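# Chain and residue survey
Listed below are the residues making up each chain.
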Amino acid sequence: MAMGRDRGRVLVVDDDAAIRRSLERGLRLGGFTVDLADGGRPALEVARRTPPDAIVLDISMPDLSGIDVCRTLRGEDNDVPVLMLSALDETADRIAGLQAGGDDYLVKPFALQELVLRLEALLRRRPPKDTETVRVGGLSLDPAARQVSLDGRRLDLTRREFELLHVLALNTGIVLGRDQLLDRVWGYDFDVRTDAVDTFVSYLRRKLETAGRARIIHTVRGVGFVLRDDGPEAGR
C-alpha cells in the first residue's frame, strides 16, 4: 500500500470503535482520506456535509441501520458507492442490503486487503457510458435521465439494476458471461462470488415481468445471460 497517494475519500460507518480505528488506520496507510461516523444518523450528516467517494457501511447499528442509511441516500438521488458490512452471513441480510441500493457486501471478519480491493473496484474510473437512449423492442433506457420504461410503463430501478440492464441492452442478442458482467457493471478484476449477477438478474426479472409480461433477460445455461425482447405476448 502506498502512503501519500490520494485514492479517494471514504466514509467509514460502524458503531464499534475498535473497527473504526482499525479501518481508519489501514485505509489512511493505503492512501485514502477517511471520515468516520459511529452510527447511521451521524453518517447521513457527514455524507451530506462532506460527500465521500465511497462509504463502508455497517448494517447493524442501534440508532439507524445501514440498510435505512443506504435507502435514505438513494432516496435523495445520492449514488455514492456503498460497501456494506455485516457480522452475519445471512442471505436475507445480504439481499436486504443490495435491495436498499448497496453495491457490494462483506461479512465480518474480513481481510483489510479484500476490503481495499473492493473499494478500488467501486472507485475505479470507468469509461463514460453511452448517453444515447437505448431501445430494444418495448424496452427504452435513457442513461442521461437514468429512466427505464417497458411497453410505456415506467420502471423504478436501483443504480446497479439500471447499469446491469443497460449493459445487457447495449449487447442485445449477445450472450454475456457472469465474469464479463461483473467486470462491466461492478468493475471487479479479482475473484469474487458471481452470484451477485444472478441476484440482480432476479431483481430485474421481478420488475420486468409483471402482469405476465414475457421474459426479456434469458439464461443461457453454463454461459450467462442475454437480452432479447420478442414482444409482450411472446413465449416465456
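Refer to the preceding data block for the structure.
I will try to describe carefully the structure that is included in this document. (Residues numbered from 1 in each chain as written. Predicted model: local features only at pLDDT ≥ 70, side-chain atom pairs only at ≥ 80, totals over all residues. Heavy atoms only, no water.)

By the burial criterion, the buried members of helix H3 (residues 66-75) are Gly66, Ile67, Val69, Cys70, Leu73 and Arg74. The arc enclosing the buried residues of H3, seen along the axis, measures out at 160 degrees, which places them on a common side. Positive backbone phi, at 60 degrees, marks aspartate 77, one or two positions downstream of H3. (Buried < 20%, exposed > 50% of the residue type's maximum accessible area, 1.4 Å probe, protein only. Helix = DSSP H or I, 4+ residues; strand = E, 2+ residues; numbered from the N terminus. Arc of directions from axis to C-beta.)

With that settled, the discussion passes to the pairing of strand E4 (residues 82-86). A large share of E4 lies buried, amounting to five of its five residues. Burial of the side chains of E4 extends over both faces: Val82, Met84 and Ser86 are buried on one face and Leu83 and Leu85 on the other. Taken together, strand E3 (residues 54-58), H3 and E4 form a β-α-β motif whose crossover is right-handed. Here four bridges tie E4 to strand E5 (residues 104-107), and the two strands are oriented parallel to one another. Looking at the pairing, methionine 84 lines up with tyrosine 105 of E5. (Right-handed = clockwise from strand over helix to strand, strands pointing away. Pairing = 2+ DSSP bridges.)

As a further point, take the sheet that holds strand E2 (residues 33-37). Strand pairing in a sheet is mediated by backbone hydrogen bonds. Such pairs are either parallel or antiparallel. Here we have five strands laid out as an open sheet, ordered E2-E1-E3-E4-E5, and parallel in their pairing. With one partner strand each, in any of the chains shown, E2 and E5 form the two edges of the open sheet. Shown here is a sheet whose adjacent strand axes are inclined to one another by a mean of 20 degrees, direction ignored. As defined by bridge partners, E3 adjoins E4 across four bridges and the pair is classed as parallel. Residue pairing for E4: isoleucine 55 is matched across the bridge by valine 82. The strands touched by helix H5 (residues 112-123) are strand E1 (9-13), E3, E4 and E5; relative to E4, the strand with the most contacts, the crossing angle is about 155 degrees. (Axes fitted to C-alpha atoms, helices over the stretch in contact; angles between N-to-C directions. Contact = heavy atoms within 4.5 Å.)

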